[in-house]
Every structure is written in structure tokens, then in C-alpha cells.
2 protein chains.
Amino acid sequence: MSTVGLQLRELREKAGFSLRKAAVAIDTDVAILSKMERGERKFSKELVLKLAELYKIDSDKLVIDYLSEKVLYELKDEEFGLEALKVAEKQLNYKKQNEQ
Amino acid sequence: MSTVGLQLRELREKAGFSLRKAAVAIDTDVAILSKMERGERKFSKELVLKLAELYKIDSDKLVIDYLSEKVLYELKDEEFGLEALKVAEKQLNYKKQNEQ
DNA sequence: CTTGTGTTGACAAATATTGTCAAAGGTAAT
DNA sequence: ATTACCTTTGACAATATTTGTCAACACAAG
């Protein structure tokens, strides 16, 4: 299970960017990107999208993983996390049905 | 689909507490409780637990609904919310397997 | 009119998130 | 060993978000 941060680090290296170059390109500070890639600080969705664009890759999977991490972080110490996810899923499904 | 707030309002009324009494009993401000019951402000988990205790009911289902709401709120504008939930669920399941 | 009910809005206080900067440490080349 | 890169780290400031406090309001019952 590879975190979004590590995925983005790999992608950056494959695309041949140094941390600095990448940070400048997406208009953020090197320190922030460094910390995000290593999971020391949370990513913002905005940065994920900008990076995906910079590395010329599709962002969908990345965004999904990003959101998933966010949710899991919120539930990490919860006894009933799994149950909560199931309820949430059911409700989202229901909502989707009745909206179109 | 009844929100946690509305559930707690019903439970309070059944238990015969006024807003003020309940608020005092759980050591919070009336305004906060009023707003939470009506969904104008987010609940804290702590208050949910205190209220469940006050009303002498089992808190599990309430906590699950509370967490589910929290997660759904986070994903409410996300195109890939459902996919993210599925990924999160998969990972939680996986984690559960490998921990005991 | 007084008492008890819930609601509302303005504001302060406390927390959390995010951004900025400078310094440190590594590695490689010359 | 100094130059030129790179990444990491920590301290701090700036912002934003969440949470708590208070006073006033409106309504109904007695």
C-alpha cells in the first residue's frame, strides 16, 4: 500500500524534477512538498492536481487515493470505523440513485 | 435518513430533558446544543457520548452515524467520493486482518 | 408579568492548518 | 575544500477553522 506522497515522489523522479523545480512549478515551498511526499504533512487536493498536471498523468486514481487517505486518517482510532464507512457508502449510493 | 442531530433531539425529548437541562448536564452551552441538534454546527464525538449516557441509551449506533456523517461531509462535493470510500474500506479490512 | 422553552447572531478564544524562511547535512564533481 | 546541487528539519508567522461564551429575541403557558 503506497501512500499518495510516495506515489507522487516516484512520479516526480520519473518525470525528472527535483523537489525545488517541482515546488517552483506548482508555486509552493520546497519544504512543504518535501514534507508532503514523506507524509509528514497532509496534502492539499489542489497540490495533488497541480502535480498530476505537471507530471502529465491522469489524476483520477491519485485523487481517489488522496480522499481515501483523508477518510482513513479521520477514522484511524475509531472502533467502528468500518461500520461507519459502510453506512456512508450506503447513503452515498442511495443519494446517487435519486439525483439523476 | 435521520441525522444524528435529529436523533438526539428525539432522544432528549423522550428522556424529558429541556435543551437547557441537557446542556448543563453535559457541561456545554445551550446555544451549542441547539445548533448541533439542528445541524447548524457539527457535533463533537465527546458530546454525542455524553448525551447517550445522559439519555441512558447505547451509543454505538449513534457513534457510527456520527462518523458516517463526518465522512460524508468531507466527500460531499467530490466526484470520486464513492470510489474513495471503497478504497478506504478495502484498506481498513486489510488492516483488520493483519492486526490480530 | 413571570417563567420556561428554543433560536439567533455577534464576538472571543482556542486549535489547526498552511506558508515562509534559514540553516543543516548529504553527495558529487572539479 | 569549495562549488553546486539536492533534501530535510525546525522554528516561526499568518490564516483559517472550530469551539465556546454571552446577550437578546420570540413564543407560549401559567
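Before any of the text, the structure's been laid out above.
What comes next is a walk through the structure. Everything quoted here is computed from the prediction, not taken from an experiment.

**Some thoughts on the interface of chain A and chain B**
Piece 1. Taken together, the contact pairs 29 residues of chain A with 29 residues of chain B.
Piece 2. Overall, the association of chain A and chain B removes approximately 3,000 Å² of surface from exposure, summing both partners, and the carbon and sulfur fraction of that is 68%.
Piece 3. We note a salt bridge from Glu78(A) to Lys45(B), for which the minimum N-O separation is 2.9 Å.
Piece 4. Across the chain A-chain B interface, the total number found is four residue pairs in polar contact (both at pLDDT 80 or more).
Piece 5. Elements with a minimum of two residues in the side of chain A that touches chain B: helix H5 (60-75) and helix H6 (81-97) of chain A.
Piece 6. The leading source of residues in the side of chain A that touches chain B is H6(A), at 13 residues.

**Things to note about the pattern of salt bridges**
Piece 1. Taken as a whole and judged by the stated rule, the model has 14 salt bridges over all chains.
Piece 2. A salt bridge links Glu40(A) to Arg38(A); its shortest N-O distance comes to 3.3 Å.
Piece 3. As a salt-bridge pair, Lys50(B) and Glu46(B) come within 3.5 Å of each other at their nearest N and O atoms. You can see Lys50(B) and its partner Glu46(B) sitting in helix H4 (residues 45-54), four residues apart, about one turn around the helix.
Piece 4. Using a relative accessible area of 28% as the deciding quantity, one classes Lys50(B) as partly exposed.
Piece 5. The network of salt bridges with shared partners includes Arg9(A), Arg12(A) and Glu37(A).

**A look at the protein's contact with DNA strand C**
Piece 1. Neighbouring DNA strand C are 16 residues, the closest being Arg41(A), Arg9(B), Leu19(B), Ser34(B) and Arg38(B).
Piece 2. Of what DNA strand C places within 4 Å of the protein, 46% of the atoms are sugar or phosphate.
Piece 3. Here a base nitrogen of DNA strand C and a side-chain polar atom of Arg41(A) are 2.8 Å apart.
Piece 4. Within the side chain of Lys35(B), one N or O atom sits 3.2 Å away from a base nitrogen of DNA strand C.

**Here's the deal with unusual backbone geometry**
Excluding glycine, residues mostly have negative phi values, and the peptide bonds linking residues are mostly trans.
Piece 1. One non-glycine residue with positive phi stands out, namely Asp27(A), at about 65°.
Piece 2. Within the fold, Asp27(A) resides in the loop between helix H2 (19-25) and helix H3 (30-37).
Piece 3. Since its relative accessible area comes to 66%, Asp27(A) is described here as exposed.
Piece 4. The phi torsion at Lys56(B) lies on the positive side, around 55°, for a residue other than glycine.

Reading the values: rules and limits
- Residues numbered from 1 in each chain as written.
- Chains lettered and ligands numbered in written order.
- Predicted model: local features only at pLDDT ≥ 70, side-chain atom pairs only at ≥ 80, totals over all residues.
- Heavy atoms only, no water.
- Contact = heavy atoms within 4.5 Å.
- Buried area = accessible area lost by both parts, 1.4 Å probe.
- Salt bridge = Lys/Arg side-chain N within 4 Å of Asp/Glu carboxyl O.
- Polar contact = N/O pair within 3.5 Å; in protein donor to acceptor, adjacent residues only side chain to side chain.
- Helix = DSSP H or I, 4+ residues; strand = E, 2+ residues; numbered from the N terminus.
- Buried < 20%, exposed > 50% of the residue type's maximum accessible area, 1.4 Å probe, protein only.
- Near = heavy atom within 4 Å.

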